[in-house]
Amino acid sequence: MKEEMKRQVAAEAAKIIYANEGNYASVNPDDNGALSVGKVQWHGNRALSLLKKIAQGARAEATLGKALYNEIMTATNWETRTVTAIEKAKLSKILGTPGGKAAQ
């Protein structure tokens, strides 16, 4: 397959995936036993890694609250971490910020 055709196929695949996987601020609190977040639904430990990167930005602790912020920054395993409705709202806020979008 030629390089241009590969780019076209990848672009079309991305459109389909993004259309079905939510938006930048999406949070699925329990997606088969762990949360999924963001535009392409980063799941479990991948979600944690993304959230760590976003939480390093300005005002993340103020948005998340001390407990959730500290958990994100110190946790090493979110394979089974789900979130409450309150945590979901807080995570959605930081995911939808310019820094959250850039990290995704």
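Just so you know, these numbers come straight off a predicted model, no measurement behind them.

**Q** Could you give an account of the packing of aromatic side chains, naming the residues involved and the relevant values?
**A** Aromatic ring pairs are described here by two measures, namely the spacing of the ring centres and the angle between the planes. Following the criterion strictly, the structure yields 0 aromatic pairs and no others. Across the ring face of Y24, the terminal group of K39 is positioned such that the distance to the ring centre comes to 5.5 Å. Note that R81 overlies the ring of W78, its terminal NZ or CZ placed 5.2 Å from the centroid.

**Q** Describe in detail the nonpolar core, supporting the description with residues and values.
**A** Core analysis: the biggest nonpolar cluster contains 22 residues, and V37, L64, I72 and L91 have the highest contact counts within it. Every element with two or more residues in this core is listed here: α2 (44-55), α3 (60-64), α4 (66-74) and α5 (85-95). With residues near it in sequence (within four places) discarded, L91 still touches V27, L35, L51, L64, L68, I72 and V83.

**Q** Give me the layout of surface pockets: which residues, what numbers.
**A** Computed from the structure, the largest pocket encloses a volume of approximately 150 Å³. Every residue lining the largest pocket is listed: K53, I54, G57, A58, R59, A60, T63, I94, T97, G99 and G100. Within the residue set of the lining of the largest pocket, elements represented by two or more residues are α2, α3 and α6 (98-103). The class makeup of the residues in the lining of the largest pocket is 4 nonpolar, 5 polar and 2 charged.

**Q** Now, about α2: what can you tell me, with residues and values included?
**A** Here α2 spans 16 Å end to end across 12 residues, near enough to the 16 Å set by a 1.5 Å rise per residue. For α2, the set of buried residues is G44, A47, L48, L50, L51, I54 and A55. In a view along the axis of α2, the buried residues occupy a sector of 165°, so they form one face of it. Tucked inside the fold, the buried residues of α2 contact β2 (36-37), β3 (42-43), α3, α4, α5 and α6.

**Q** Quick one: what's the story with the sheet that holds β3, residue by residue and with numbers?
**A** Taken in spatial order, the 3 strands of this open sheet run β1-β2-β3, and their pairing is antiparallel. Because the sheet does not close on itself, it has two edges, and the strands there are β1 (27-28) and β3. Across 2 bridges, the pairing between β1 and β2 is antiparallel. Each bridged residue has a counterpart across the sheet, and for N28 the counterpart in β2 is S36.

Parameters at a glance
- Residues numbered from 1 in each chain as written.
- Predicted model: local features only at pLDDT ≥ 70, side-chain atom pairs only at ≥ 80, totals over all residues.
- Heavy atoms only, no water.
- Phe/Tyr/Trp six-rings, centres within 6.5 Å; stacked < 30°, edge-to-face > 60°.
- Lys NZ or Arg CZ within 6 Å of the ring centre and 35° of its normal.
- Core = buried A, V, L, I, M, F, W, Y, C linked by side-chain atoms within 4.5 Å.
- Buried < 20%, exposed > 50% of the residue type's maximum accessible area, 1.4 Å probe, protein only.
- Helix = DSSP H or I, 4+ residues; strand = E, 2+ residues; numbered from the N terminus.
- Contact = heavy atoms within 4.5 Å.
- 1 Å grid on protein atoms, 1.4 Å probe; cavity = no way out; pocket = protein on both sides within 12 Å on 5 of 7 lines; lining within 4 Å.
- Points joined across faces, edges and corners; volume = space filled by probe spheres on them.
- Nonpolar A, V, L, I, M, F, W, Y, C, P; charged D, E, K, R; others polar.
- Expected span 1.5 Å × (residues − 1).
- Arc of directions from axis to C-beta.
- Pairing = 2+ DSSP bridges.

These values are about where atoms sit, not about what they do.
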